[in-house]
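What follows is the residue order along each chain.
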Amino acid sequence: MKILAVDLGKARTGIAVSDKGERLASPVGTITEYTDERILNKVVETVKEQKAEMIVVGHPKNMDGTRGESAKRAEDFAQQLGELTGLPVALWDERMTTVSAIGYLNQTDVRGKKRKQVVDTVAATIILQDFLDSRK
């Protein structure tokens, strides 16, 4: 099944997609929008373009496991996404994914503006790969 992942951000939202065999997560790109309504519309378009059959939304819990404002926003976003697409939507703990993404980008010497443009997409790819690995 093809699965699409969303790393919801305030300014940039990363998108990744899996292969049909659910083995590999690949980056799709970054949505640069500032309102949840516009982000939702662009994600729904991407779901259709990618022919996704399931969606995973990063769930940014606090380090102690509690739910803050960002986690609640992700939960609301995931619910709306499910209603708009009719697809199953899973929340996936994304703690430390942005830190991991920055680590990968440091290793490949990606810095400055270029890093800002891709860090959310890399984070979405990490979220999705973690989700895929958990399903094996």
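Summarised in this report is the structure supplied together with it. (Residues numbered from 1 in each chain as written. Predicted model: local features only at pLDDT ≥ 70, side-chain atom pairs only at ≥ 80, totals over all residues. Heavy atoms only, no water.)

**Re the overall build of the protein chain**
Stage number 1. Helix and strand content of the protein chain: four helices and five strands.
Stage number 2. Along the chain direction, N to C, the helices and strands of the protein chain fall in the order β-β-β-α-β-α-β-α-α.
Stage number 3. Counting across all 136 residues of the protein chain, residues that qualify as buried make up 41%.
Stage number 4. Across the protein chain, every contact between residues at least 6 apart in sequence was considered, and the portion connecting residues at least 24 apart equals 63%.
Stage number 5. As displayed, the protein chain offers around 7500 Å² of accessible surface, 50% of which is attributable to carbon and sulfur atoms. (Helix = DSSP H or I, 4+ residues; strand = E, 2+ residues; numbered from the N terminus. Buried < 20%, exposed > 50% of the residue type's maximum accessible area, 1.4 Å probe, protein only. Contact = heavy atoms within 4.5 Å. Areas by Shrake-Rupley, 256 points an atom, 1.4 Å probe, with all protein chains shown as cover.)

**Digging into the packing of aromatic side chains**
Stage number 1. Applying the stated criterion across every chain, the model contains one aromatic pair.
Stage number 2. Ring geometry for Trp-92 and Phe-131: centres 5.3 Å apart, planes at 85°, overall edge-to-face. In this pair, Trp-92 is assigned in strand S5 (residues 89–93) and Phe-131 in helix H4 (residues 112–134), connecting sequence segments 39 residues apart.
Stage number 3. Phe-131 gets classed as buried once you look at its relative accessible area, which sits at 6%. (Phe/Tyr/Trp six-rings, centres within 6.5 Å; stacked < 30°, edge-to-face > 60°.)

**Observations regarding the side chain of Thr-121**
Stage number 1. Relative to the helices and strands, Thr-121 is located in helix H4.
Stage number 2. Overall, Thr-121 belongs to the buried group, its relative accessible area being 7%.
Stage number 3. At 2.9 Å, the side chain of Thr-121 and the backbone oxygen of Gly-29 are in polar contact.
Stage number 4. With residues up to four places along the chain from it excluded, the contact list for Thr-121 reads Gly-14, Ile-15, Pro-27, Val-28, Gly-29 and Thr-30. (Polar contact = N/O pair within 3.5 Å; in protein donor to acceptor, adjacent residues only side chain to side chain.)

**Things to note about the sheet that holds strand S2 (residues 12–18)**
Stage number 1. Taken in spatial order, the five strands make up an open sheet running S3-S2-S1-S4-S5, and their pairing is mixed. With partners counted over all chains shown, the strands left at the sheet margins are strand S3 (25–32) and S5, one partner each. Pairwise comparison of adjacent strand axes, ignoring direction, gives a mean angle of 25° for this sheet.
Stage number 2. Inspection of the sheet shows strand S1 (residues 3–7) paired to S2 by four bridges, in the antiparallel sense. Looking at S2, one finds that Ala-5 is bridged to Ala-16.
Stage number 3. This element, helix H1 (residues 36–50), spans S1, S2, S3 and strand S4 (54–59) of the sheet and lies at about 155° to S1. (Pairing = 2+ DSSP bridges. Axes fitted to C-alpha atoms, helices over the stretch in contact; angles between N-to-C directions.)

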